[in-house]
Amino acid sequence: PVRIEGTAEFPQSGLYDAPVKSDIRFTYANGVVMKSIQTLDESQWGMRFVGTEGEIKVEANSLESTIEGLADIELKETDVRLYASDDHHDDFLTRAANGETTTAAPVEIAHSSAAVCHVGMIACLRNKPLDWDPKAERFTNDEEANAFLSRPQREPW
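Residues numbered from 1 in each chain as written. Predicted model: local features only at pLDDT ≥ 70, side-chain atom pairs only at ≥ 80, totals over all residues. Heavy atoms only, no water.

Draft legend 1. View of the sheet that holds strand β4 (residues 47–51). Here three strands make up an open sheet; going across it, the order is β4-β5-β6 and the pairing antiparallel. The sheet terminates laterally at β4 and β6 (62–65), the two strands that pair on one side only. Here the average twist between neighbouring strands, direction ignored, is 10°. Where β4 lies against strand β5 (residues 54–59), five bridges are found, and the strand directions are antiparallel. Bridged to Met47 within β5 is Val58. (Pairing = 2+ DSSP bridges. Helix = DSSP H or I, 4+ residues; strand = E, 2+ residues; numbered from the N terminus. Axes fitted to C-alpha atoms, helices over the stretch in contact; angles between N-to-C directions.)

Draft legend 2. Just the state of the cysteines, in detail. Counting across every chain of the model gives zero disulfides. Cys124 takes part in no disulfide bond, and the closest cysteine sulfur, belonging to Cys117, lies 11 Å away. On the accessibility criterion, Cys124 (5% relative accessible area) is buried. (Disulfide = S-S within 2.5 Å. Buried < 20%, exposed > 50% of the residue type's maximum accessible area, 1.4 Å probe, protein only.)

Draft legend 3. Region of interest: unusual backbone geometry. Here the amide bond leading from Glu155 into Pro156 is cis, since omega sits at 5°, within 30 degrees of zero. With respect to the helices and strands, the residue Pro156 is situated in the segment after α3 (143–146). The residue Asn127 is not glycine, and still its phi comes out positive at about 55°. Examined against the element boundaries, Asn127 turns out to sit in the loop between α2 (107–126) and β7 (130–133). Classification of Asn127 as exposed rests on a relative accessible area of 53%. Positive phi values are uncommon outside glycine, yet Glu137 reaches one of about 55°. Summarising the element assignment, Glu137 is placed in the loop between β7 and β8 (138–139). Glu137 gets classed as partly exposed once you look at its relative accessible area, which sits at 34%.

Right, dumping it as C-alpha cells:
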C-alpha cells in the first residue's frame, strides 16, 4: 500500500495487547483499496474481499460469494495451484533441515504479507492516515510511525 488509515480497539487488561476490533483501509498506487475489518466474534473468522462486482468471503474451509457461480468454479488440472501447508513454521524448518530452498511461503512473499499487517497496526497505533513508500519501506509523513518499524537489538546485531 501507499496509504494506510486505521482505527483499533485495544484490550485494557489481560495478557494480550493485540486489538480486539480494527478497521483498516489500505490504498495501493494503482487505486485498489483493501479493507481489513476485525471483530471479536469467534463465529466469523476469515476474510471478506469487496470489489466492484461483488464480494467473496473466505473462512477456514468455506468460500462464499455474491458473484453468481464464482464459489462453484472447479479448478482444471492445468490451473495454477498454490502449495498447501497447514504449518508454515514446520514447513520452513523441515525444508531448511533438508537443504531445500523452496517453501510454502517464500521469504519475499512472507515479508510483504507481514509488512502489510505491521503498517496497518502502526496506522491504528498512530490513529492517523499514514503515507507509505513501499520501496524504501518507510512512512513519508510521520517519523514517530517510523520508530515502530524496528526496535533496539542486542549486540552484536
